[in-house]
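The chain contents come next:
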Amino acid sequence: MPIKYIIVTGGVLSGLGKGIAAASIGHLLSSRLKIIPIKCDGYLNVDPGTMNPFEHGEVFVLDDGGEVDMDFGHYERFLGVTCKSKWNLTMGKVFDMVRQKERRGDYLGKTVQYIPHVTDVIKDHIKEIAREENADLAIVEIGGTVGDIENELFLEAMRQMKEDVGRENILYVHLTYVPIPYGVNEQKSKPTQQSVNLLKQRGIFPDVIIGRCSQFLTKEIKTKISRFCDVNPDAVITGLDVEDIYEIPIIFEQEGLPAIIHKKLNIYSPPDLTRWKTLVENIRHPASKITVAMCGKYTKLEDSYASIIESFNHCSAHLGVKINLRWVETTDLKDTSFLEDVEGIVVPGGFGARGTEGKIEVIRQARERDIPFLGLCLGLQLAVIEFARNICSLKGANSTEMDPDTPYPVIDILPEQKKISDKGGTMRLGAYPAVLAEGSKVRELYQAEVVSERHRHRYEVNPEFHGTLKEKGLIFSGISMDGKLVEFIELPGLRFFAATQAHPELKSRMERPSPLFYGFVRACLGKE
Ligand code: GLN
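Residues numbered from 1 in each chain as written. Predicted model: local features only at pLDDT ≥ 70, side-chain atom pairs only at ≥ 80, totals over all residues. Heavy atoms only, no water.

Caption draft 1: Quick look at the overall build of the protein chain. The helix and strand tally for the protein chain stands at 17 helices and 21 strands. In terms of overall dimensions, the protein chain is globule-like: its C-alpha atoms have a radius of gyration of 25 Å, near the 24 Å expected for 528 residues. Principal-axis analysis of the C-alpha atoms gives the protein chain an extent of 75 × 60 × 40 Å. In the protein chain, buried positions account for 59% of the 528 residues. Partitioning the intrachain contacts of the protein chain with sequence separation of at least 6 by distance along the chain shows that 73% fall at a separation of at least 24. Element-wise, carbon and sulfur atoms account for 48% of the exposed surface of the protein chain, whose accessible area totals about 21,800 Å². Across the protein chain, the centroid of the 65 positively charged side chains sits 3 Å from that of the 73 negatively charged ones. (Helix = DSSP H or I, 4+ residues; strand = E, 2+ residues; numbered from the N terminus. Rg over C-alpha atoms; globule rule 2.2 N^0.38 Å. Buried < 20%, exposed > 50% of the residue type's maximum accessible area, 1.4 Å probe, protein only. Contact = heavy atoms within 4.5 Å. Areas by Shrake-Rupley, 256 points an atom, 1.4 Å probe, with all protein chains shown as cover. Lys, Arg positive; Asp, Glu negative; His and termini not counted. Charge placed at Lys NZ, Arg CZ, Asp CG, Glu CD.)

The following block contains the structure:
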């Protein structure tokens with residue numbers, strides 16, 4: 001069977017959930033097909049690793065160390081695949097490749113142009129991934145909105161693709177917005193018509209239109225969109241606003257999307273959503289409720305912590321509990337009375353000094369008042385600093401990231417990081433294994449001696465202080481294979497006090513929640 005391609009574009013406005021739509025389509029088709037998700041982003045950064053999570057949302061890290069767009073989180077969670085860094089194609093990478101080819105002399109004698117040279121690089125890269133991975137189907141999501149200058153070259157390349165791979169092997173999906181203006185109370189198709197027109201001007205004629213709407217699209221609006229946009233009325237699908245993103249594949253199935261794709265691409269891969277539906281039902285009808293304080297500094301944009309939010313959703317699906325996340329901005333934190341009303345505390349990852357003293361104070365209270373605590377990356381580092389200051393009496397202990405002149409640098413830069421000056425792609429990135437200590441809580445939760453989690457950091461627990469910290473009772477429940485780096489810590493005698501240098505939230509899945517999050521939530525429920 002030739003490799004099939006589904007191209008997902010978006011229109012009208014950003015933030016309609018193209019990534020989730022692409023991931024949901026993949027989920028519906030994944031029973032018999034090997035699906036590879038590919039994302040094209042129009043920005044000139046080589047990857048999102050150097051961008052502020054405030055602007056761009058979370059930087060997702062893959063096993064291979066790639067720093068990629070947060071949509072890869074959705075792809076992995078919905079498709080059960082382990083993605084690769086190569087599958088995120090940014091315009092920064094494209095230009096890099098074109099420049100390298102030009103310097104090598106691949107274009108000798110030619111004027112290097114957007115078309116065909118840049119578009120060829122894009123198409124070749126996508127086809128190469130699909131071939132290398134032995135994919136049955138590649139789902140290619142084009143970031144941004146049709147009409148943006150940034151994604152024009154990607155759209156042009158996708159237009160050309162149909163000639164290269166054959167019209168019968170490619171399907172174009174366009175996600176738009178169907179508003180119901182206040183006072184009019186009617187679903188409106190004009191934005192969709194205009195957006196599809198923009199797409200058609202670029203030579204792309206969508207096969208399927210997904211209309212994001214607060215209600216199911218009516219038969220009338222589907223007919224209208226079908227007429228104006230030249231698609232079959234059955235191929236106009238509701239992208240319903242939902243409380244919980246995991247409902248989307250269920251809605252798409254209900255709207256008949258799998259059958260349309262099967263027919264157009266001449267494939268058959270019937271969805272089996274039985275287990276998925278049960279898990280979604282658990283999220284929708286929780287038996288209990290807890291509140292967890294998220295103490296960070298990027299709390300204004302929830303996308304900055306997307307994978308943590310999803311990890312909690314996965315726990316909800318398995319434990320039938322509603323987890324209310326309370327966002328606590330720790331910069332200038334004075335009032336800690338919120339701790340009275342929470343069942344647990346998370347200190348997530350972060351960079352730089354701002355907000356760290358507030359987090360250290362929260363961790364002190366978690367330890368002293370025995371409130372379940374989970375520390376992630378920076379959260380581990382700050383828990384070590386708190387322990388050093390208040391239990392080991394190392395006054396002024398700190399990380400050299402926050403205070404380069406600290407008398408007790410209990411957290412220090414990794415030796416191999418010292419000589420690196422470039423900022424892009426140079427942290428300790430990707431999956432690394434850790435050996436878990438026998439008898440530790442962490443080992444009990446993972447039910448394994450060796451575990452692999454993903455990392456993104458420059459600093460670590462300073463080996464000079466390992467002895468002191470251990471003597472005073474801090475348990476190193478996980479260390480790197482060479483025995484040098486502290487990967488997990490915990491404090492015994494408390495309900496739950498554990499932290500990791502890794503980001504376990506990046507590998508949590510709906511069907512398989514992260515053991516550390518799962519144990520933490522159980523402790524918040526009083527079950528551990
Ligand atoms: N800033 C810390 C470091 O670089 C923690 C990073 C993180 O939380 N991802 O080590």
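Once you've had a look at it, read on.
Caption draft 2: Molecular detail of the packing of aromatic side chains. Under the counting rule described, the total for this entry stands at 11 aromatic pairs. The interplanar angle of 40° and the centroid separation of 4.6 Å between the aromatic rings of Phe 373 and Phe 497 together place this pair among those described as tilted. Of this pair, Phe 373 sits in strand S13 (residues 373–376) while Phe 497 sits in strand S21 (residues 497–500), and the two are 124 residues apart along the sequence. Neither Phe 373 nor Phe 497 differs from the other in exposure class; each is buried. Where Tyr 446 meets Phe 488, the ring centres are 5.7 Å apart and the plane angle is 75°; that geometry is what we call edge-to-face. Here the residue Tyr 446 occupies a position in helix H15 (residues 441–446), and Phe 488 occupies one in strand S20 (residues 486–490), the gap between them amounting to 42 residues. Each member of the pair, Tyr 446 together with Phe 488, is buried. (Phe/Tyr/Trp six-rings, centres within 6.5 Å; stacked < 30°, edge-to-face > 60°.)

Function cannot be read off these values alone, since they describe shape.
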